[in-house]
Amino acid sequence: MLTGREEGHNPYSSAHNLDGELGMVARTFIPQGGVILVEHPVIVVPADMEVDASVVGLDEAGSQSELYGALFSRLDSQMRKEVLALKDCSASPNAFTTRGIFNTNALDVRLEVDKRRKFQAKVQEQKYKALFLKTSRCNHSCGPNAVWRFDRLSFTLTLSAVRAIHPGEEITISYINPFLPRHTRRTQLQSKWNFVCHCTHCDAPWTFPSAISQSDKARYELSTFFKKLPDWEQWCFDENNEQFMIERHLRAMQMREKEGLEGFQDGTGSEIVAYMKHIDALVMCYGALADVQGFTKWVRKAREVKLAEGPDNALHVKVLDLWLKEPGKFYVWGWKRL
Ligand SMILES: C[S@@+](CC[C@H](N)C(=O)[O-])C[C@H]1O[C@@H](n2cnc3c(N)ncnc32)[C@H](O)[C@@H]1O
C-alpha cells in the first residue's frame, strides 16, 4: 500500500513505495480497461539519434552529453525543470546526466515516416524514442496492472488498467517483454535500468525452483497461445469437442491472472489487451452453442470492460446491449448446433 500526494482529479498520484522508489499510485478505484491517463510526449527523437547527431544540429563530433544537452535546451524552462527531475538510473542521486535521464525514461514508439525519394512516395515505419513526463514515474512489474499504447494519429500515449486497480495500489507497467523467463527478465532489468526486480512475480514464492520453471513455462505457453489456437470455424463445425475451445480460453485466462499478464498477447508489442480477446472468444463460443447463460455472462463482462475503456466504445456497447436483450440476433447464434 502506498499513500501519495493528491493531484487534481486524476485517478493516480505519485508516492514513494517501500523501497523508497518514487512511483505512481491509484487514488481511486480504476476498473479493468479504465483509462489512467493520456499524455503527449515532451521529446521525440529517432532511436538512432546517438548515431546521427545532425538531428539536433550537431556535427558527428558532438559528444553524447552535448547531444542530450542540446535536446533538453529546446524545452521551455518549466518543462526542462520537470524533465531534469526525472530519475537517472545510471548515476548517483547527485550526479545525474541528461543522457542518463533520457535513457532511463524514454519509451520505444513507432512512427510512419515519409521517405520520399525523387518522385517516389514511400511511407516507412521507423523506431523513435519518446519521453513522457507522467508515465516516466511508473515502476516496472513482471505482472503489471497497466499497459500503455501510443496512438500515432493523436500523438498521445494512453495508460490503461489491464485489471481492476484499488486505491493505494501501485500502478505498474512492464519495461521488457514479460513473456521472457525470469532469469532473462531480471538480467535485462539490471543491465538497462540498474535494479533488481522485487515485484511480486519475481520475489513472492520463488524460493522453490519448481515454481520458477512453472511460471516460465506458463509465460511461454501464453506467448504462443493465439498462434497455436485451432481455427474457431473448424471447432464450430466439428461435432465432437464441444467444450474444447471454451476450456482453452478459460485456462489461458486463469494463467494470465496468475502471472499478471492480462495485458499482453505475445510480447511483440501488440496493442491488444489479450484478456479482452479471450472474453470476445468466449462470447463467440457460447453464442455458437446457443448457450444463453454462458453467452450472457461473457457479453456482460465484455460490456463492463468496453464501458470502462471510454466513450469511444458507445456504439460497441449498444451492440452488446442488443445481444443481451435478444441473444438470437448474435451473428453466429447456434452455428455449432446446425
Ligand atoms: C522510469 S523510472 C520509474 C520511476 C522512478 N522510480 C522514479 O523515481 O522516477 C525507472 C527507474 O525506477 C526504478 N524502478 C522501476 N521499477 C522498479 C522495480 N520494480 N524495483 C526497483 N526499482 C524500480 C529503477 O531505478 C529504474 O531505473
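Per an unreviewed UniProt entry, the recorded name for the protein is SET domain-containing protein, and the organism is Lentinula guzmanii.

**Q** Quick question: what am I supposed to make of the nonpolar core here?
**A** Buried together is how nonpolar side chains tend to be arranged in soluble globular proteins. In this structure, Trp232, Trp235, Ile279, Phe295, Trp298 and Phe330 are the most contacted members of the largest nonpolar core, which totals 25 residues. Elements represented by at least two residues in this core include exactly α8 (232–236), α9 (244–259), α10 (274–288), α11 (292–309) and α12 (314–325). A per-element tally of this core places α10 first, with 9 residues. Within the second largest apolar cluster, 22 residues are counted, among which are Ala26, Ala146, Ala161 and Ile173.

**Q** What am I meant to see in the packing of α9 against α10 here?
**A** Relative to each other, α9 and α10 sit at 160°, their axes nearing to 10 Å. Taken together, the axis directions place α9 and α10 in an arrangement best described as roughly antiparallel. In this structure, α9 crosses over α10, and the sense of that crossing is left-handed. Seen from α9, the contacting residues are Met245, Ile246, His249, Leu250, Ala252, Met253, Arg256 and Glu257; seen from α10, they are Ala274, Tyr275, His278, Ile279, Ala281, Leu282, Cys285 and Tyr286. In terms of residue class, the contact of α9 with α10 is built from 12 nonpolar, 2 polar and 2 charged.

**Q** Just to check I follow, could you spell out the sheet that holds strand β4 (residues 43–46) for this structure?
**A** Within the open sheet, the 3 strands sit side by side as β4-β6-β5. Their pairing is antiparallel. The open sheet is flanked by β4 and β5 (107–114), the only strands paired with a single partner. With strand direction ignored, the average angle separating the axes of adjacent strands in the sheet is 40°. In this sheet, strand β6 (residues 123–131) lies alongside β4 in antiparallel orientation, the contact comprising 4 bridges. Across the sheet, the residue bridging to Pro46 is Tyr128, located in β6.

**Q** Would you take a moment to explain the pattern of salt bridges for this structure?
**A** Oppositely charged side chains can pair when the atoms bearing their charge come close. One pass over the full model with this rule turns up 13 salt bridges. The residue Lys129 makes a salt bridge to Asp108 at a minimum N-O spacing of 2.6 Å. With a gap of 21 residues between them, Lys129 in strand β6 and Asp108 in strand β5 connect regions that are remote in the sequence. For Lys129, a relative accessible area of 18% translates into the label buried. Note that Glu304 is salt-bridged to Lys301, the shortest N-O span being 3.3 Å.

**Q** Would you mind showing me how to read α11 here?
**A** Note on helix geometry: an α-helix contains 3.6 residues per turn, so any two residues three or four positions apart are oriented the same way. With 18 residues, α11 ought to run about 26 Å at 1.5 Å a step, and its terminal C-alpha atoms sit 25 Å apart, in line with that. Buried within α11 are the following residues: Gly294, Phe295, Thr296, Trp298, Val299, Ala302, Val305, Lys306 and Ala308. For α11, the secondary structure elements touched by its buried residues are β3 (35–39), α9, α10 and α12. Count one or two residues on from α11 and you reach Gly310, which has phi positive near 130°.

**Q** How should the packing of α10 against α11 be read in this particular structure?
**A** Angle between the axes and distance between the axes are the two parameters that describe a pair of packed helices. Interaxial distance between α10 and α11 falls to 8 Å at its minimum, and their mutual angle equals 150°. As judged from the angle between their axes, α10 and α11 are roughly antiparallel. Of the two elements, α10 crosses α11, and the hand of that crossing is left-handed. Residues Met276, Ile279, Leu282, Val283, Tyr286 and Gly287 of α10 pack against Gly294, Phe295, Trp298, Val299, Lys301, Ala302, Val305 and Lys306 of α11. Taken together, the residues of the contact of α10 with α11 sort by class into 10 nonpolar, 2 polar and 2 charged.

**Q** Could you clarify how one ought to interpret the sheet that holds strand β7 (residues 139–140) in this entry?
**A** Strand pairing in a sheet takes place through backbone hydrogen bonds and is either antiparallel or parallel in direction. Pairing within the open sheet is mixed, and its 4 strands lie in the order β1-β2-β10-β7. Edge positions in the sheet fall to β1 (12–16) and β7, since each has one partner strand and no second. As paired strands, β1 and strand β2 (residues 22–26) are joined by 5 bridges and run antiparallel to one another. Each bridged residue has a counterpart across the sheet, and for Ala15 the counterpart in β2 is Gly23.

**Q** Explain the state of the cysteines here, please?
**A** Two cysteines whose sulfur atoms are joined by a covalent bond form what is called a disulfide. Scanning the entire structure with this criterion turns up 0 disulfides. Not engaged in a disulfide, the cysteine Cys199 finds its nearest cysteine sulfur in Cys197; these two sulfurs lie 3.6 Å apart.

**Q** Help me understand the site of the ligand in this model?
**A** The immediate surroundings of the ligand are formed by 14 residues, with Glu21, Leu22, Arg137, Asn139 and Trp193 found nearest. In this structure, an oxygen atom belonging to the ligand sits 3.2 Å away from a side-chain N or O atom of Lys87. Considering the ligand on its own, with 560 Å² of exposed area, one finds that the protein chains cover 92% of that surface. Among the secondary structure elements, those contributing two or more residues to the shell around the ligand are α3 (98–105) and β7. In terms of residue class, the shell around the ligand is built from 6 nonpolar, 5 polar and 3 charged.

Here is what the cut-offs are and how they apply
- Going along each chain's sequence as written, the residues are numbered from 1 onward.
- Since the coordinates come from a predicted model, pLDDT governs what is reported: local features require at least 70, and pairs of side-chain atoms require 80 or more to be given and counted, while whole-chain, interface and lining totals use all residues.
- Calculated side-chain values reflect all of the structure's heavy atoms, with hydrogen atoms and water omitted.
- The nonpolar core is taken to be a set of buried Ala, Val, Leu, Ile, Met, Phe, Trp, Tyr and Cys residues, with the residues joined through side-chain atoms within 4.5 Å.
- The classification of residues rests on relative accessible area computed with a 1.4 Å probe and restricted to protein chains. Under 20% of the type maximum is buried, over 50% is exposed, and intermediate values are partly exposed.
- Under the DSSP-based scheme used, a helix requires at least four consecutive residues in state H or I and a strand at least two consecutive residues in state E, with every element numbered from the N terminus.
- For helices, the axis comes from a line fit to the C-alpha atoms of the stretch in contact; other axes are also lines fit to C-alpha atoms, and the angle between any two N-to-C directions lies between 0 and 180 degrees.
- Oblique is the label for any angle not under 35 degrees, not over 145, and not in the 65 to 115 range, which are roughly parallel, roughly antiparallel and roughly perpendicular in turn.
- Handedness of each helix crossing follows the sense of rotation of the near helix against the far helix: counterclockwise by less than a right angle gives left-handed, clockwise gives right-handed.
- What makes two residues a contact is simply this: any of their non-hydrogen atoms within 4.5 Å.
- Under the scheme applied here, ten amino acids are nonpolar (Ala, Val, Leu, Ile, Met, Phe, Trp, Tyr, Cys and Pro), four are charged (Asp, Glu, Lys and Arg), and all others, including Gly, are polar.
- DSSP bridges decide pairing: two strands pair if at least two such bridges lie between them.
- Basic side-chain nitrogens of Lys or Arg form a salt bridge, by our definition, when they fall within 4 Å of a carboxyl oxygen of Asp or Glu.
- How far a helix is expected to stretch is found by multiplying one less than its residue total by 1.5 Å.
- Two cysteine sulfur atoms form a disulfide, by the criterion used here, when they sit within 2.5 Å.
- Only a single heavy atom is needed: when it lies within 4 Å of a molecule or strand, its residue is near that molecule or strand.
- Two N or O atoms count as a polar contact when they lie within 3.5 Å, although within protein this holds only if one can serve as hydrogen donor and the other as acceptor, and sequence-adjacent residues are included solely when both atoms are side-chain atoms.
- In these tables, accessible area is a Shrake-Rupley quantity obtained with a 1.4 Å probe, and a residue counts as shielded only by the protein chains included in the view.

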